Amino acid sequence: MPRRRLSRYAFHRRLRLLRRSQRRSKGRRAFLLVAMLILALPLMVIPAFAAESVGNLPAVDGLSATGLNQDMLIFDRHGTLIDDIGDHGDHRIVVPLNSMSPFVKQATIAIEDKTFYKNNGVDFGGIVRAALADYSHHHIAQGGSTISQQLVKQVFIGPNPPPTIQRKIREAVLAVDLNSRYSKDQILELYLNTIYYGAQSYGAEAAARGFFHTTAHDLTLGQAAMLAGLPQAPTQNSPLINPTRAKARQIEVLDAMVAQKMITPAQALAAENEKLQFFYPTNQLQAPHFVDYVLQVLDQQYHIRPSDRKGYRVYTSLDLNVQHRAESVVKNQIDRFGNYYDFHDGALVSMDPKTGEVLAMVGGDNYYRPGGQINMATTNTRQPGSSFKMFTYTSAIESGRLNMVSPIRDQPMVFPLGGGKDGLKPYAPINYDKHYHGTLPLKMAMGNSLNIPAIKVELTTGIPAVLDTARRMGVTSLNQDDSHYGISLTLGGYGVSPLDMVTGASTLANMGVRHRPAPVLSIQDGLGKTVFKYDPAKNQFQAISPQVAFIIDSIMSDDRNRCMSFGCGGDLTLPGRHVGAKTGTTQDFRDNWTVGFTPTLATAVWVGNPDYHPLAHNSTGIVGAAPIWHQFMTQALASQPDQWYGVPAGVDQVGQNYFLPGTESLPATLAGSWPVCRFRSFNPNTVTDAQLTVNGLPCVLGYTPRDLAQGG
């Protein structure tokens, strides 16, 4: 058939369409050419013009993920995280690439840089694709930056730099240099530990912990895809702020992984349908008073601080299960009886006597109430009352002047000085029950916590000797000159801490071997290198002999010795178990104490009020602190068999009593009357030490002054 000729109109119409198409094609080509020239040409001429184009560049050598600023992590003895201490709420926890879930690595590469393992730090194809997308959408739709470029931006340029061509060129140059010096896995490890995921989380580990309360190692495909979608726009894509957009972004990541054949469509669908639970940023701090104590020890002993940002991993002695029991018991006692007895705070410290390791520490009932940050277990000292007598009687047995059956007369005593607010009035100590009990053996005087016999024992032994014994056994609070301390020392008249008291009890529990409190078992730096490991053998000191410790342990564990004042079988005993214990109550009922031990566990408990106001209804250690001690010890020792000590060599046994060799028969020096002062009247401002002493002992008045302030 003859060809039909086009009409002139149709011919010109086609010509116009062709020219229009050619103009559009030329415009697209021109745009691509300009984009490539702008973004690619500088990279092609880097060897000749880089220095002139971008100026001085930082060196990229020496980079390491472990060198990044990161959090200090504090763990309990079993490896359970107690606290993650970041930088003003920002968190980074560096972990090696091989410990991360493969899903988070694959998802990141698929959505951020699919040619990661092939490019040299700059993806020219990605630049072109980004340019086309930006042109077709008439705005910036794709960035075109590789993982390497994003990394150098974070590390060397800053997270929010100005969008200039020069900055892009600098990123590209540094990215190429980075790839020439590091392996791809090293770069990916740096990236996944550096990039910001939102919610104050830097790096995949911090993000996994923050958003999902898991670790980067255990991220599921759905969780990993959600996280991988965040760095592009951490706020806009956040599941906490914009869950709809976050879900859409997660699907984009999963689709990208399918396209790269990293996962199957079925896996992507399962991950898309996975129900994810998200958590708002919180500080998962546990045992807060103990953490504060550990930070203090780290600073003072090892010069390590969270502000160092070196990623220290601190493994502590705390047993979190035991800690939770301690917290619960303290809180329950205050909730049940605090209003009646008017005590509103408590502290507990528990220690392994064989090592000095602190297993539990409650520094107060509520860390978050006003003033609750004060650690009543360590930083505050309170009068320990009669619980301090364990040091007095230890010193007395050690001196060889007294034994556990030495008779002591419980009688009225009035010292010329020591009473009143200024100490210039007569001082007449009294027993808790305000009665006198005649002559008793030392073991019963100690067990029933009688004050006057304790003073006689203290003065016979010597206040300096008692101080020396207490300090050797672990009391650090009594650090003034010996002359500062008076008769009330044995009655607990000078402040000590529960940590001091449990250290002393642990010394008795460990047959006289003292360990200073050891809250830290090991410390690792950000490289995983151990910089400290606790060795109990380097922290032990034979404070008192095993023989002296055994005799005191025998007195404190015999419930018959305290039945007169406390009744038999009370909270100072543990059914079916040998245990030594001692209560303490200050004279004005401001402080309640109980201290006790077995061979494997020593615990000190304090109950009172931080503002020092007195307790109500004659609240003593037996009703305030002892129930806490009893319940805690019962629970903490539930899985352990009963244990006690064998009689050590160098101890003589007579019936059920124990003696240091040569002390079985001693003069009954404390069974008679106490030396009486030789004056009838005196001026408290001018009386001399010589006048106040008879036969080497502080004398008592032979009369009762009219203005005597009982207990003053």
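Rules of the game
Residues numbered from 1 in each chain as written. Predicted model: local features only at pLDDT ≥ 70, side-chain atom pairs only at ≥ 80, totals over all residues. Heavy atoms only, no water. Helix = DSSP H or I, 4+ residues; strand = E, 2+ residues; numbered from the N terminus. Buried < 20%, exposed > 50% of the residue type's maximum accessible area, 1.4 Å probe, protein only. Contact = heavy atoms within 4.5 Å. Pairing = 2+ DSSP bridges. Salt bridge = Lys/Arg side-chain N within 4 Å of Asp/Glu carboxyl O. 1 Å grid on protein atoms, 1.4 Å probe; cavity = no way out; pocket = protein on both sides within 12 Å on 5 of 7 lines; lining within 4 Å. Points joined across faces, edges and corners; volume = space filled by probe spheres on them. Nonpolar A, V, L, I, M, F, W, Y, C, P; charged D, E, K, R; others polar. Disulfide = S-S within 2.5 Å. Axes fitted to C-alpha atoms, helices over the stretch in contact; angles between N-to-C directions. Phe/Tyr/Trp six-rings, centres within 6.5 Å; stacked < 30°, edge-to-face > 60°. Lys NZ or Arg CZ within 6 Å of the ring centre and 35° of its normal. Parallel < 35°, antiparallel > 145°, perpendicular 65-115°, else oblique.

1. Considering the overall build of the chain
Item 1. Regarding its fold elements, the chain presents 22 helices and 23 strands.
Item 2. The 712 residues of the chain split such that 51% are buried.
Item 3. Put simply, 72% of the contacts in the chain that link residues at least 6 apart link residues at least 24 apart.

2. Side note on the pairing of strand 7 (residues 345-351)
Item 1. With 7 of its 7 residues buried, strand 7 lies for the most part within the structure.
Item 2. Burial along strand 7 is two-sided: the residues D345, A347, V349 and M351 and G346, L348 and S350 are all buried.
Item 3. Where strand 7 meets strand 19 (residues 602-608), 7 bridges bridge the pair, whose relative direction is antiparallel. Of the residues in strand 19, the one forming a bridge with S350 is T603.
Item 4. Here strand 7 hands over to strand 8 (residues 358-362) after 6 residues, with G356 in that stretch at a positive phi of 85°.

3. Some points on the pattern of salt bridges
Pairing between side chains becomes possible if they bear opposite charge and their charged atoms approach one another.
Item 1. What the rule picks out here adds up to 16 salt bridges.
Item 2. With its nearest N and O atoms 3.1 Å apart, the salt bridge here joins D299 to R305.
Item 3. With relative accessibility at 29%, the residue D299 sits in the partly exposed group.
Item 4. In this structure, D335 engages K331 in a salt bridge whose closest nitrogen and oxygen atoms are separated by 3.4 Å. You can see D335 and its partner K331 sitting in helix 14 (residues 320-341), 4 residues apart, about one turn around the helix.
Item 5. By sharing partners, the salt bridges in this structure join R245, R249 and E252 into a single network.

4. Structural notes on empty space enclosed by the protein
Item 1. Applying the stated criterion to the full structure yields 3 cavities of 30 Å³ or more.
Item 2. Its boundaries defined by the atoms lining it, the largest cavity holds a volume of some 50 Å³.
Item 3. Of all the secondary-structure elements, those providing two or more residues to the lining of the largest cavity are helix 16 (442-447), helix 20 (546-557) and strand 17 (580-585).
Item 4. For the lining of the largest cavity, the residue count by class is 6 nonpolar, 1 polar and 2 charged.

5. Brief notes about unusual backbone geometry
Across the chain, the bulk of peptide bonds are trans and the bulk of non-glycine residues have phi less than zero.
Item 1. Backbone geometry places K261, a non-glycine residue, at a positive phi of 60°.
Item 2. By the element assignment, K261 lies in the loop between helix 11 (243-259) and helix 12 (265-273).
Item 3. Assessed through its relative accessible area of 75%, K261 is described here as exposed.

6. Some remarks on the state of the cysteines
Item 1. Here the structure, examined in full by the defined rule, presents 2 disulfides.
Item 2. Covalent S-S linkage joins C677 and C699, the inter-sulfur distance amounting to 1.9 Å. Between C677 and C699 the sulfur-sulfur dihedral comes to about 90°; the bridge is accordingly right-handed. Of this pair, C677 sits in the loop between strand 21 (657-659) and strand 22 (693-694) while C699 is found in the segment after strand 23 (697-698), placing the two residues 22 residues apart along the sequence.
Item 3. Assessed through its relative accessible area of 1%, C699 is described here as buried.
Item 4. What connects to what in the chain, once the bonded cysteines are numbered by sequence position, is 1-2, 3-4.

7. With respect to the sheet that holds strand 14 (residues 520-524)
Item 1. Judged by pairing direction, the sheet is mixed, and its 5 strands sit side by side in the order 2-1-6-14-15 without closing on themselves. Each of the sheet's edge strands pairs with one partner strand only, and the pair in question is strand 2 (81-85) and strand 15 (530-533). Each strand axis lies, on average, 15° off the axis of its neighbour in the sheet, ignoring direction.
Item 2. Pairing of strand 1 (residues 72-75) with strand 2 involves 4 bridges; the strand directions are antiparallel. Residue pairing for strand 2: I74 is matched across the bridge by D83.

8. Considerations on the packing of aromatic side chains
The geometry of an aromatic ring pair is captured by two quantities: the separation of the ring centres and the angle between the planes.
Item 1. In total, this model carries 18 aromatic pairs according to the counting rule given.
Item 2. Their ring planes at 45° and their centres at 4.7 Å tell us that Y302 and F532 sit as a pair that is tilted. Note that Y302 is positioned in helix 13 (residues 288-302) and F532 in strand 15, a separation of 230 residues in sequence.
Item 3. Taking relative accessible area as the criterion, Y302 reaches 24% and is therefore assigned partly exposed.
Item 4. The lysine or arginine in question, R382, covers the ring of Y612, its NZ or CZ lying 3.7 Å from the ring centre.
Item 5. Stacked on the ring of Y703, the Lys or Arg R680 has its end atom at 4.3 Å from the ring centre.

9. Looking at helix 18 (residues 463-473)
Item 1. Of all the positions in helix 18, only I463, V466, L467, T469, A470, R472 and M473 are classed as buried.
Item 2. Where helix 18 is buried, its residues meet helix 15 (389-399), helix 17 (451-461), helix 19 (498-509), strand 13 (513-515) and strand 16 (540-542).
Item 3. At the exit of helix 18 stands G474, carrying a positive phi of roughly 125°.

10. Considering the sheet that holds strand 8
Item 1. Ordered by their spatial adjacency, 5 strands build an open sheet running 8-7-19-18-17, and the pairing between neighbours is antiparallel. Each edge of the sheet is formed by a strand with only one pairing partner; in this case those strands are strand 8 and strand 17. Within this sheet the neighbouring strands show an average axis-to-axis angle of 5°, counted without direction.
Item 2. Packing of helix 19 onto the sheet brings it into contact with strand 7, strand 8, strand 18 (591-597) and strand 19, and relative to strand 19 it is tilted by some 150°.

11. Section: the packing of helix 10 (residues 221-228) against helix 11
Item 1. At a minimum axis distance of 8 Å, the contact between helix 10 and helix 11 shows a crossing angle of 105°. Taken together, the axes of helix 10 and helix 11 lie roughly perpendicular to each other. Where helix 10 approaches helix 11, its residues L221, G222, A225, M226 and A228 are matched on the opposing element by A246, K247, Q250, V253, L254 and M257.

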